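Here's the letter readout for the chains.
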Amino acid sequence: MLRHAACLLLALAVVASPTLAPAATGDGSTVGTPDQLVRWINGYRQKPKPKLLPAVVKAMQDLGLIGDHEQAGIYIGFVAGVLGDNQLTAEKLIEQMFPLGPDGQVVVIKAIAYSGLPEWRDLLAIAAEQAPERRVLIDRFLDGEQKLLFELPLEEAMTLDILWGYYIATGSYQPVQRIVDALQWANDDEELEKLTIGSMSKWTLASNAARDNDLLKLLYAERDARPEEVQAPLGEVIEAAETFEFGKLRKEALAAIEELKVKGPASRRTYSYAAMAGQTALALGCVAATALGQLEVGGACVVTGAVSSAALKLMGLQ
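Please read these numbers as outputs of a predicted model, since none were measured by experiment. (Residues numbered from 1 in each chain as written. Predicted model: local features only at pLDDT ≥ 70, side-chain atom pairs only at ≥ 80, totals over all residues. Heavy atoms only, no water.)

J.: How should I be thinking about the packing of aromatic side chains in this particular structure?
T.: For any pair of aromatic rings, the description consists of the separation of the ring centres together with the inter-plane angle of the planes. Considering all chains together, one arrives at six aromatic pairs under this definition. Measuring from ring centre to ring centre gives 5.4 Å for Tyr 44 and Phe 78, while their planes differ by 85°; the resulting arrangement is edge-to-face. Here Tyr 44 is found in the loop between α2 (34-42) and α3 (53-62), whereas its partner Phe 78 is found in helix α4 (residues 73-84), with 34 residues between them in sequence. Each member of the pair, Tyr 44 as well as Phe 78, carries the same accessibility label: buried. Grouped by ring-pair contacts, the aromatic residues Trp 40, Tyr 44 and Phe 78 constitute a single cluster. Lying across the ring of Tyr 167, Arg 45 places its NZ or CZ 4.8 Å from the centre. (Phe/Tyr/Trp six-rings, centres within 6.5 Å; stacked < 30°, edge-to-face > 60°. Helix = DSSP H or I, 4+ residues; strand = E, 2+ residues; numbered from the N terminus. Buried < 20%, exposed > 50% of the residue type's maximum accessible area, 1.4 Å probe, protein only. Lys NZ or Arg CZ within 6 Å of the ring centre and 35° of its normal.)

This is the structure we're talking about:
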């Protein structure tokens, strides 16, 4: 659960976070600090102000929060969620987001595609007019080469960031149900990546449900409807959420990850499994650091496939 450093830390604290509005002018040209922006996002569901979304997107860009797209998943998901929740004003919001630099353009394009709005294709046409240089990316969504939100592979940690971002904005159960799907890998003894994703899902679900009663109720309902390979770890999630005892989940996850890393897959334990992919090793190092409270781990934790360090801030853990 602690796996990919940040995700596991997705211990959202969404519901408990304070609500500070971003320091931005009416047109969003001036922004405050990253902390102000993060707090506003965390508190969005308590006091939704979708009209501020264009200024918030520009703030994300100006503050350098979305420069690394492997680290931008939670922001993409949040923007997608706000758009999806505001169908009648989505077109106007998108128009007001531009002009944007390349980083902001990509975030908006992906957010439109992930919004779940029935007219997402038409809205992408607006983005194409404003950012013609992103035509290749837009066409890949339109042609089906790029997957939509609930088609994204759970094996990629960034997907969890995006799903949690969407949930922060909307409180929608669908992204949470998708995260619950990943619990089938919480005890995987064959593939390190799947074990990591399953553990991250387990940790973040427990952390968030402890602070969000509606989410906890959903998890109870999901447990009764899920197959055994999901039902068992989901029961552990619920127990940890009810008791606020996350330490046990953390220790078990780290132990399972270390065992699989050292001994290799259960089906071929006679072979060396030490030569793991570099990014996986880095991700595990980040997980261990965050578990110990050593959040200042630097650039080593900004690895492809690892959940963003942005998620740490959005979950109120830094």
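J.: Can you walk me through the environment of Pro 227 in this structure?
T.: Within the secondary structure layout, Pro 227 lies in the loop between α12 (213-225) and α13 (228-243). Taking the C-alpha atoms as reference points, Pro 227 and Gln 184, separated by 43 residues in sequence, lie 8.9 Å from one another.

J.: Just checking my understanding: could you explain a negative patch on the surface for this structure?
T.: On the surface, Glu 91, Glu 95, Asp 122 and Glu 129 cluster together into a patch of negative charge. Structurally, Glu 95 can be placed in helix α5 (residues 90-97). (Patch = residues over 30% accessible without salt bridge, like charges linked within 9 Å, V, L, I, M, F, W, Y side chains within 5 Å. Areas by Shrake-Rupley, 256 points an atom, 1.4 Å probe, with all protein chains shown as cover. Salt bridge = Lys/Arg side-chain N within 4 Å of Asp/Glu carboxyl O. Lys, Arg positive; Asp, Glu negative; His and termini not counted. Charge placed at Lys NZ, Arg CZ, Asp CG, Glu CD.)

J.: Would you take a moment to explain the packing of helix α9 (residues 157-170) against helix α11 (residues 192-209) for this structure?
T.: To describe two helices that pack against each other, one gives the angle between their axes and the distance between the axes. Contact pair α9 / α11: the axes reach a minimum separation of 10 Å and the direction vectors enclose 20°. Viewed along their axes, α9 and α11 adopt a mutual orientation that is roughly parallel. Between α9 and α11 the crossing geometry is right-handed. Of the residues in α11, those in contact with Ala 157, Leu 160 and Trp 164 of α9 are Ile 197, Met 200, Ser 201, Thr 204, Leu 205 and Asn 208. Residues of the contact of α9 with α11, tallied by class, amount to six nonpolar, three polar and no charged. (Axes fitted to C-alpha atoms, helices over the stretch in contact; angles between N-to-C directions. Parallel < 35°, antiparallel > 145°, perpendicular 65-115°, else oblique. Left-handed = near helix turned anticlockwise from the far one by under 90°. Contact = heavy atoms within 4.5 Å. Nonpolar A, V, L, I, M, F, W, Y, C, P; charged D, E, K, R; others polar.)

J.: It is not clear to me how the side chain of Thr 196 should be interpreted in this structure. Could you clarify?
T.: Relative to the elements of secondary structure, Thr 196 occurs in helix α11. For Thr 196, a relative accessible area of 1% puts it in the buried group. A distance of 2.8 Å separates the side chain of Thr 196 from the backbone oxygen of Leu 192, its partner in a polar contact. (Polar contact = N/O pair within 3.5 Å; in protein donor to acceptor, adjacent residues only side chain to side chain.)

J.: Explain helix α7 (residues 120-130) here, please?
T.: Think of an α-helix as turning once every 3.6 residues; residues three or four places apart then point the same way. What α7 keeps buried is the set Trp 120, Leu 123, Leu 124, Ile 126, Ala 127 and Ala 128. Looking at the buried positions of α7, the neighbouring elements they touch are α5, α6 (102-114) and α8 (135-142).

J.: Sorry, what's going on with the environment of Gly 171 here?
T.: Position of Gly 171 relative to the elements: it lies in the loop between α9 and α10 (173-181). Using a relative accessible area of 22% as the deciding quantity, one classes Gly 171 as partly exposed. Residues Gly 171 and Asp 214, 43 residues apart in the sequence, show an inter-C-alpha distance of 8.8 Å. Setting aside its immediate chain neighbours within four residues, Gly 171 contacts Arg 45 and Tyr 166.

J.: What am I meant to see in the pattern of salt bridges here?
T.: Pairing is possible between side chains of opposite charge, provided their charged atoms come close. A complete count under the given rule lists eight salt bridges for this structure. A salt bridge links Asp 181 to Arg 226; the nearest nitrogen and oxygen atoms lie 2.4 Å apart. One end of the pair, Asp 181, is in helix α10; the other, Arg 226, is in the loop between α12 and α13, and 45 residues separate them in sequence. Taking the relative accessible area as the measure of exposure, Asp 181 reaches 23% and is therefore partly exposed. By relative accessible area, which is 17% here, Arg 226 ends up buried. Ionic pairing is found between Glu 191 and Lys 194, a salt bridge with its closest N-O pair at 3.7 Å. Three or more residues are tied together by salt bridges with common partners; here these are Arg 178, Asp 181, Glu 222 and Arg 226.

J.: Explain the confidence of the model for the protein here, please?
T.: Caution applies to low-pLDDT regions: their predicted coordinates should not be interpreted in detail. Model confidence for the protein is summarised by a mean pLDDT of 77, while 73% of its residues fall at 70 or above. Scored below 50 in pLDDT, residues 1-31 shows 129 contacts in the model against residues more than four places distant or in partner chains. Contacts of residues 269-310 to residues separated by more than four positions or lying in other chains number 87 contacts, the stretch itself having pLDDT below 50. (pLDDT = per-residue confidence, 0-100.)

J.: How should I be thinking about unusual backbone geometry in this particular structure?
T.: A negative phi holds for most residues other than glycine; trans holds for most peptide bonds. With an omega of 5°, the peptide bond running from Phe 98 to Pro 99 counts as cis. Tracing the backbone shows Pro 99 in the loop between α5 and α6. Phi is positive for Phe 244, close to 60°, though the residue is something other than glycine.

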